[in-house]
Amino acid sequence: MDKSKEINGAADRGQELLAIHVKNAHTRLSDFLDQYGTGLDVLGKAMGAFTKAVYDLPESAACASGCAWCCHLRVETSIPELLVIYRELLTGSTPEGIASLKKWTREAARLGDLRDEDLWYQHKLPCPFLDNNKVCLIYPVRPFACRAHHSMDAALCQKGYEEGRRLMIPSLPLYRASTDIYSTIFIKVMAERGVASFPVGFIKGLAMLLEEPTLTEAWLNGKDVFSPARIIKGDSRE
């Protein structure tokens with residue numbers, strides 16, 4: 001068999017399996033919410049189940065602890081992810097820690113729109129959850145976008161960071177897609193329930209919650225309160 005045909009055939013099979021995986025995960029989440037409702041505890045359990053389903057990062061990836069070039073990029077999440085992570089922060093952080101995080105988000109917001117991807121490139125903004133040893137402080141509950149993002153060439157990631165610009169980072173497309181889908185499924189299933197559901201900037205949404213904690217309850221009650229954090233495809237904040 002021609003090598004290119006073999007590669008294309010494997011890619012097609014991978015896409016077929018991914019489509020089946022998406023459909024099954026969508027059905028599981030929809031059925032779960034039908035049975036238990038859409039409260040924050042339920043969404044937290046759903047996120048936990050999705051997290052357990054994520055495949056381990058392949059050994060061929062260049063990513064390793066302390067390699068944090070990608071932790072200076074804008075992160076996009078679903079609103080359920082945002083709310084679950086925010087609740088975990090409140091549970092596991094001291095009042096001083098929350099105050100420090102609020103101060104960081106305010107200072108970062110003075111530089112510009114936190115949804116703007118260029119802002120992160122230009123100012124080399126580090127994620128506020130990146131510690132001095134370049135270790136993620138919320139690693140167990142990090143967004144699916146962070147879990148999906150990986151590289152086969154760490155030197156190229158460093159180059160993009162140092163030059164403050166987008167580069168084509170080599171990665172494993174199916175691994176990224178099979179991890180990113182969980183955020184997409186959250187968005188679609190909640191939208192099907194008539195809830196304002198769309199991708200949001202993680203730090204922008206977090207900044208909003210830090211300033212107004214009642215946004216969680218308002219959103220769960222069907223109010224469209226996270227529009228200021230919305231990532232709109234096709235504009236400068238894509």
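A brief report on the enclosed structure follows. (Residues numbered from 1 in each chain as written. Predicted model: local features only at pLDDT ≥ 70, side-chain atom pairs only at ≥ 80, totals over all residues. Heavy atoms only, no water.)

## Examining the side chain of R142
If you trace the backbone, R142 turns up in the loop between α5 (117-123) and α6 (144-148). Among buried charged residues, R142 stands out as having no salt bridge; its nearest opposite-charge side chain is D56, 8.0 Å away. Those residues in contact with R142 that lie beyond four places of it in its chain are M47, I85 and R147. (Helix = DSSP H or I, 4+ residues; strand = E, 2+ residues; numbered from the N terminus. Buried < 20%, exposed > 50% of the residue type's maximum accessible area, 1.4 Å probe, protein only. Lys, Arg positive; Asp, Glu negative; His and termini not counted. Salt bridge = Lys/Arg side-chain N within 4 Å of Asp/Glu carboxyl O. Contact = heavy atoms within 4.5 Å.)

## As for the side chain of T216
As for its position among the elements, T216 is in helix α10 (residues 215-220). Accessibility expressed as a relative area gives 10% for T216, which makes it buried. Those residues within four positions of T216 in sequence are excluded, and the remaining contacts are L40, L83, Y86 and L209.

## Quick notes on the environment of R230
Residue placement: R230 occurs in the segment after α10. For the pair R230 and Y36, spaced 194 residues apart in the sequence, the C-alpha separation amounts to 27 Å. Leaving out residues up to four positions away in the same chain, R230 has contacts with R115, F198, P199 and V200.

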